[in-house]
Amino acid sequence: MALVDGILFALLAAVLVFWWVPALPSRQLILFLCAGGLIAFGLYGALNDRWQAGICAGFGLLLITLTTLMVLRGGLPKSLPYISGPIITLFAALPAFALYSFPIGNIPAPSGPYSVGMRTFELSDETRPGLFGVEANAPRRLLVRVWYPAQVPTGAKPAPYFSAAEAKTTARAFGEFMKFPPLMTYLKHVKTNAYPNAPLANGITQLPPILFSHGALSRLNQSTFLMEDLASHGYGVYSVQHVGESAHTVFPNGDVIAIDQGLLEFAKTSKEAKGDYKDAIIKGMGAEALDDRLAGQLDWLSRRKRDDSRIHSGQYVWLEDRIFVLDQLEAGHVPAEIADIAAKSDFAQSGHMGMSFGGAIAGMHCAADPRCVAGINIDGALVQRPVMDKAVNGAFMVFTSDHDLFYKSMMGKGNYAPDLKQRHWVFDFSYERFGSAGERADIHRIELNRTAHMGLTDYPLFLRGPIAQAMLGKAPADIILGAQKDFIRSFFNTYMRGEDSGFPAAQLAEYADYTESRKAQHIRAWWLSKSSNEQGDIRRAIAGDETSGSLNQQ
């Protein structure tokens, strides 16, 4: 498809040249041929899920119609086309902009010494039936994909970003939510670096395991470049698709479970979606005094529970998904096709990460499960009681997008003030005990400046220009992607393997123009200023009436 894109760009350029330069020979014929080429190649691309090429076909049809009319009226003008030229240029710019803004760029080669294999499998939990829109007696089915160091067979080809089946289902989910189903289907033409079902690399005796959760409405391949990079350095990375709250899920046997319509309804009509919590959110994020900020966050959480918010209940389902998957892997209760990979890992010493909603759940997992030796929340800005005033198990890193961009998007210009950034972050009350906040050397809070929330995925590979800046931030794509890989890989190398990679000082120096590192000593100072009675009141307020069975870890 990249060749088709190149041909379409060349045809668009030729149209502009031959339209603007009347003296060129065979001008009418060339314009007719270009229009025909745009229609033919544009339709070919559109029929192969390159919807941007369809805009080229539309322009080709417009061009051939306009050219025909002008020929019938006596031919194309012999002078400089002052009127028609700008019009044609404007219309040609639309398909060119679409092709440029949504490139088909393959996943960059990972940086490690190993080739990468990939296997996808299903795990089914009979004890949790009827979740997220399936029949009441249907088990909780989860799709899991593992990336690992591999030995590539001769003649093997890497997997596409979306399989043919996924292009018809999974890839359309986000577009359906945005009222344009084909929006992401073109990514089926992107090539990854992972070889399906490739044998495990020779000589692998240990395979440190990392569990990943995607963001809400997303999918398990959300950050493929990151999974491949970790696998190329000898990790086994397991990504869980949280079925029902993910994009449409295609299982290995061909079964499809769509997004739960209840989630889509919540996203459109719930009190939270309509902004009824705005006052609590503004207070919880922007109040100057820490007491007021905490009060705002707890009010936000209480309303969420009172209204039976999908976010409140869903976080525990996602946590149970992760714990179930880890339990099954540790017990060896896995399909035969991944048994050899699972056997190389010590799941009692596991790494955990996730992005957005999945990042917040990874934090919950490390707070609840002693098997977590290293965890990362990638921009999961979700206020949660179970991680407030809580010392997580193992080392932990919060890796966030630019706080200023987040505040502006969440609070609106009328409630945003430049000094908000100095009030730190919604995570400040999380992952550490208040009395020792900022003292643990293995707790890291890293901010990637000039990067928006969606930038901390693999979208920088698939968007360019003004659209990319609006959605992803103004940091260059190589910085956004490189910083994610380098910080995350070095973090896990340090705390899962005991390697000295200079983390985080070396990475902060490398990305000094884009990163900041913070500690939460201000929380400790605030806490120590309280009397024992005040501290007790705060802890009781945090505990609230939150319940989640055996997973209640406050």
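Since we're looking at a predicted model, the values are computed, not measured.

Asker: Explanation requested: the pairing of strand 9 (residues 372-378) in the structure shown.
Answerer: In summary, the side chains of a regular strand alternate between the two faces of the sheet. With seven of its seven residues buried, strand 9 lies for the most part within the structure. Sheet topology note: the strand 8 (residues 350-355)/strand 9 ladder contains six bridges and is parallel. Directly across from Gly 351, in strand 9, lies its bridge partner Ala 374. Following the backbone out of strand 8, through helix 13 (residues 357-368) and into the adjacent parallel strand 9, one traces a crossover that is right-handed. The pairing of strand 9 with strand 10 (residues 395-400) spans five bridges and is classified as parallel. Looking across to strand 10, one finds that Ile 376 is bridged to Met 397.

Asker: Please clarify how the state of the cysteines should be interpreted in this entry.
Answerer: Throughout this description, disulfide means a covalent bond between two cysteine sulfur atoms. In total, this model carries one disulfide according to the counting rule given. Free of any disulfide, Cys 34 has its nearest cysteine sulfur in Cys 56, 12 Å distant. The class of Cys 56 is buried, set by a relative accessible area of 0%.

Asker: Where do I start with a nonpolar patch on the surface in this structure?
Answerer: A surface patch of nonpolar side chains, about 790 Å² in accessible area, is lined by Ile 55, Leu 62, Leu 80, Tyr 82, Ile 83, Ile 87, Phe 91 and Leu 94. Elements that contribute at least two residues to the nonpolar patch include exactly helix 3 (51-72) and helix 4 (84-101). Of the residues forming the nonpolar patch, the biggest block, three residues, is contributed by helix 4. Positionally, Leu 80 belongs in the loop between helix 3 and helix 4.

Asker: Sorry, what's going on with helix 8 (residues 261-269) here?
Answerer: All of the buried residues in helix 8 are Leu 263, Leu 264 and Phe 266. Along helix 8, the residues classed as buried sweep out an arc of 155° about the axis, all on the same side. Of the surrounding elements, those touching the buried residues of helix 8 are helix 6 (173-177) and helix 11 (310-331). The N-capping residue of helix 8, defined by a side-chain oxygen 3.0 Å from the backbone nitrogen of Gly 262, is Asp 260.

Asker: Help me understand unusual backbone geometry in this model?
Answerer: Leaving glycine out, the prevailing phi sign among residues is negative, and the prevailing peptide bond configuration is trans. Following Phe 503, the chain continues to Pro 504 via a peptide bond in cis, the omega torsion being -5°. Note that Pro 504 resides in the loop between helix 16 (477-496) and helix 17 (505-510). Its identity as a non-glycine residue notwithstanding, Ser 356 has a phi of 60°, on the positive side. Counting through the fold element by element, Ser 356 comes out in the loop between strand 8 and helix 13. For Asp 389, which is not glycine, the phi dihedral falls at a positive 50°. Assignment of secondary structure puts Asp 389 in the loop between strand 9 and strand 10. By relative accessible area, which is 5% here, Asp 389 ends up buried.

Asker: Help me understand the nonpolar core, please; the structure alone is not making it clear to me.
Answerer: It is characteristic of soluble globular proteins that their nonpolar side chains tend to be buried jointly. In this structure, Met 353 and Phe 492 are the most contacted members of the largest nonpolar core, which totals 58 residues. With sequence-adjacent residues up to four places away left out, Phe 492 is seen in contact with Ile 210, Leu 230, Tyr 235, Gly 351, His 352, Met 353, Ala 374, Ile 376 and Arg 497.

Asker: In this structure, what is going on with the pairing of strand 11 (residues 443-448)? I would like to understand it.
Answerer: Taken across its six residues, strand 11 has six buried, putting it largely inside the fold. Here strand 11 shows two buried faces, one formed by Ile 443, Arg 445 and Glu 447 and the other by His 444, Ile 446 and Leu 448. In this sheet, strand 11 lies alongside strand 10 in parallel orientation, the contact comprising five bridges. From the neighbouring strand, Phe 396 faces strand 11, where its bridge partner is Ile 443.

Asker: Can you help me understand the packing of helix 11 against helix 13 in this one?
Answerer: What describes two packed helices is the angle between their axes and the distance between those same axes. Contact pair helix 11 / helix 13: the axes reach a minimum separation of 9 Å and the direction vectors enclose 65°. Judged by the twist between their axes, the crossing of helix 11 over helix 13 is right-handed. Touching Ile 311, Gly 314, Gln 315, Tyr 316, Trp 318, Leu 319, Arg 322, Ile 323 and Leu 326 of helix 11 are Phe 357, Gly 358, Ile 361, Ala 362, Met 364 and His 365, all from helix 13.

Asker: Where do I start with helix 3 in this structure?
Answerer: Every α-helical turn comprises 3.6 residues, leaving residues that sit three or four positions apart pointing alike. With 22 residues, helix 3 extends 32 Å between its outermost C-alpha atoms, agreeing within 8% with the 32 Å of an ideal straight helix rising 1.5 Å per residue. Taken together, the buried positions of helix 3 are Trp 51, Gln 52, Ala 53, Cys 56, Ala 57, Phe 59, Gly 60, Leu 63, Thr 67 and Met 70. Buried-residue contacts for helix 3 involve helix 1 (2-20), helix 2 (27-47) and helix 4. Note on helix 3: the residue one or two positions beyond its end, Gly 74, has a positive phi of about 125°.

Asker: What should I look at first to understand the environment of Ala 93 in this one?
Answerer: Within the element layout of this structure, Ala 93 appears in helix 4. Overall, Ala 93 belongs to the partly exposed group, its relative accessible area being 38%.

Asker: Mind showing me how you'd approach the packing of aromatic side chains here?
Answerer: Both the distance between ring centres and the angle between the ring planes are used here to describe each pair of aromatic rings. Considering all chains together, one arrives at 22 aromatic pairs under this definition. Consider the rings of Tyr 161 and Phe 462, whose centres lie 5.2 Å apart with planes at 70°: the pair is edge-to-face. Remark: Phe 462 occurs in the loop between strand 11 and helix 15 (465-472) and Tyr 161 occurs in the loop between strand 2 (140-150) and helix 5 (164-168); sequence separation between them is 301 residues. Phe 462 shares its class with Tyr 161; the two are buried. Ring plane angle 65° and centroid distance 5.8 Å describe the contact between Tyr 238 and Phe 347, whose orientation is recorded as edge-to-face. Here Tyr 238 is found in strand 5 (residues 236-241), whereas its partner Phe 347 is found in the loop between helix 12 (339-342) and strand 8, with 109 residues between them in sequence. The exposure classification of Tyr 238 matches that of Phe 347, with both residues buried. An aromatic cluster of at least three residues, connected via ring pairs, comprises Tyr 235, Phe 399, Phe 487, Phe 491, Phe 492, Tyr 495, Phe 503 and Tyr 511. One cation-aromatic arrangement involves Arg 141 over Phe 251; the distance from NZ or CZ to the ring centre is 4.1 Å. Arg 497 extends its terminal NZ or CZ atom over the ring of Tyr 235, reaching a point 4.1 Å from the ring centre.

Cut-offs applied
- Residues numbered from 1 in each chain as written.
- Predicted model: local features only at pLDDT ≥ 70, side-chain atom pairs only at ≥ 80, totals over all residues.
- Heavy atoms only, no water.
- Buried < 20%, exposed > 50% of the residue type's maximum accessible area, 1.4 Å probe, protein only.
- Helix = DSSP H or I, 4+ residues; strand = E, 2+ residues; numbered from the N terminus.
- Pairing = 2+ DSSP bridges.
- Right-handed = clockwise from strand over helix to strand, strands pointing away.
- Disulfide = S-S within 2.5 Å.
- Patch = residues over 30% accessible without salt bridge, like charges linked within 9 Å, V, L, I, M, F, W, Y side chains within 5 Å.
- Areas by Shrake-Rupley, 256 points an atom, 1.4 Å probe, with all protein chains shown as cover.
- Salt bridge = Lys/Arg side-chain N within 4 Å of Asp/Glu carboxyl O.
- Arc of directions from axis to C-beta.
- Contact = heavy atoms within 4.5 Å.
- Polar contact = N/O pair within 3.5 Å; in protein donor to acceptor, adjacent residues only side chain to side chain.
- Core = buried A, V, L, I, M, F, W, Y, C linked by side-chain atoms within 4.5 Å.
- Axes fitted to C-alpha atoms, helices over the stretch in contact; angles between N-to-C directions.
- Left-handed = near helix turned anticlockwise from the far one by under 90°.
- Expected span 1.5 Å × (residues − 1).
- Phe/Tyr/Trp six-rings, centres within 6.5 Å; stacked < 30°, edge-to-face > 60°.
- Lys NZ or Arg CZ within 6 Å of the ring centre and 35° of its normal.

The values are spatial; any link to function lies outside them.
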